[in-house]
Amino acid sequence: MSAAPEFELDEQYNYPVPPPQGWTAEDLDRLPNLPRRTELIDGSLVFMSPQTRFHMLALRLLEGELLAQVPEGLDVFREFTVRLDSGNRPDPDVLVVPDGADTGPKETWLVPEDVILAVEIVSKDSERRDREVKPRKYAAAGIPHFWRVEENEGLPVVYVYELDPATSSYCLSGIYHEKLKLTVPFDITIDLTALHRRRPGCA
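Residues numbered from 1 in each chain as written. Predicted model: local features only at pLDDT ≥ 70, side-chain atom pairs only at ≥ 80, totals over all residues. Heavy atoms only, no water.

A. Looking closely at the overall build of the protein chain. Assigned secondary structure in the protein chain consists of 2 helices and 12 strands. Listing every helix and strand of the protein chain by position from the N terminus yields β-β-α-β-β-β-β-β-α-β-β-β-β-β. Each of the 203 residues in the protein chain was classed as buried or not, and the buried ones make up 43%. If you sum the accessible surface of the protein chain, you get close to 11,800 Å²; carbon and sulfur atoms cover 51% of it. (Helix = DSSP H or I, 4+ residues; strand = E, 2+ residues; numbered from the N terminus. Buried < 20%, exposed > 50% of the residue type's maximum accessible area, 1.4 Å probe, protein only. Areas by Shrake-Rupley, 256 points an atom, 1.4 Å probe, with all protein chains shown as cover.)

Here's what the structure looks like:
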């Protein structure tokens, strides 16, 4: 006897059926009614679960500090897809890119050559993708810096990786608790214990 499903979909709901070769990066812009955050990994659609409170707070902290501290000529994108190749278009939580990486108001993705830093905040449903699959793909695409953010006792822990161009793989350069302080790809200091602190001027 099979277990009852945990949820039910309306009988009119139709799952998108992939073509034999899988979906392509361009299909993300053509398929109707996809959830707002949908990734493409190895030709398969990945729907993201609602984010947790920790994920939201960590995203707000990192985005805010990066916006405040990146050097002139760089910009910060939030939840914006990167077209790694025809079958992979992940959606990092935060990206640091050159100002010139803006591909126009109607574009929905960046190319990896324009990404300086990709940040993934690990969620329960994305552990394998964020810890194994996406870092491997980001490194193969030549993205020079990658941060993986994990939750530990309610606070973020940041694992910082740098690309080894000889092997096209990431090397762990540090694990940061309480304070993240780096000089590459630029000088930045983030108080990781400020997760719940409102920025000055916020009501």
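B. Structural context of the confidence of the model for the protein chain. Averaged over all residues, the pLDDT of the protein chain is 89; the fraction at 70 or higher stands at 88%. The model gives residues 1–7 a pLDDT under 50, and that stretch makes 0 contacts with residues more than four places away or in other chains. (pLDDT = per-residue confidence, 0-100. Contact = heavy atoms within 4.5 Å.)

C. Structural view of the side chain of Thr38. For Thr38, the position within the fold is in strand E1 (residues 38–41). Classification of Thr38 as buried rests on a relative accessible area of 7%. If we ignore the near neighbours within four places in the chain, the residues touching Thr38 are Leu28, Leu45, Val46 and Phe47.

D. Quick peek at the packing of aromatic side chains. The tally for this structure, following the rule as stated, stands at 5 aromatic pairs. Their ring planes at 55 degrees and their centres at 5.8 Å tell us that Tyr138 and Phe146 sit as a pair that is tilted. Taking relative accessible area as the criterion, Tyr138 reaches 0% and is therefore assigned buried. Take Phe146: its relative accessible area is 1%, and that puts it in the buried class. For the ring pair Phe146 and Tyr170, a centre distance of 5.7 Å and an interplane angle of 15 degrees mean the geometry is stacked. Linking Phe146 in strand E8 (residues 145–152) with Tyr170 in strand E10 (residues 169–177), this pair joins segments that are 24 residues apart in sequence. (Phe/Tyr/Trp six-rings, centres within 6.5 Å; stacked < 30°, edge-to-face > 60°.)

E. Just the pattern of salt bridges, in detail. If you walk through the whole model with that rule in mind, you get 20 salt bridges. Here Asp93 makes a salt bridge to Arg37, at a shortest N to O gap of 3.4 Å. Note that Asp93 is positioned in the loop between strand E4 (81–82) and strand E5 (94–98) and Arg37 in the segment before E1, a separation of 56 residues in sequence. You'll find Asp93 and Arg37 in the same group, each marked buried. Across the salt bridge formed by Lys124 and Glu127, the nearest N and O atoms sit 3.8 Å from each other. Linked through salt bridges whose partners overlap, the residues forming this network are Arg36, Arg37, Glu63, Arg78, Glu79, Asp91 and Asp93. (Salt bridge = Lys/Arg side-chain N within 4 Å of Asp/Glu carboxyl O.)

F. Local environment of helix H1 (residues 53–69). End to end, H1 covers 24 Å across 17 residues, agreeing with the expected 24 Å (1.5 Å per residue, within 8%). Of all the positions in H1, only Phe54, His55, Leu57, Ala58, Leu59, Leu61, Leu62, Glu63, Gly64 and Leu66 are classed as buried. Along its buried surface, H1 packs onto strand E3 (74–78), E5, strand E7 (117–121), E8, strand E9 (155–164) and strand E12 (188–191). (Expected span 1.5 Å × (residues − 1).)

G. View of the side chain of Arg129. Mapped onto the fold, Arg129 is located in helix H2 (residues 127–140). Sequence-distant contacts of Arg129, that is, excluding residues within four places in its chain, are made with Glu39, Val46, Lys134 and Pro135.

H. Up close: the nonpolar core. Leu66, Val96, Trp147, Leu180 and Ile190 are the most contacted members of the largest nonpolar core, which totals 29 residues. The set of elements that each furnish at least two residues to this core consists of H1, E3, E5, E7, E8, E9, strand E11 (179–182) and E12. For this core, the element with the highest residue contribution is H1, accounting for 7 residues. Those residues within four positions of Leu66 in sequence are excluded, and the remaining contacts are Val76, Val94, Val96, Leu117, Trp147, Phe186 and Ile188. One finds Val82, Ile143, Val157 and Tyr159 within the second-largest nonpolar core, a separate group that totals 17 residues. (Core = buried A, V, L, I, M, F, W, Y, C linked by side-chain atoms within 4.5 Å.)

I. Structural view of the pairing of strand E2 (residues 44–47). Strand direction decides the pairing type here: E1 and E2, joined by 4 bridges, are antiparallel. Among the inter-strand pairings, Ile41 is bridged to a residue of E2, identified as Ser44. (Pairing = 2+ DSSP bridges.)

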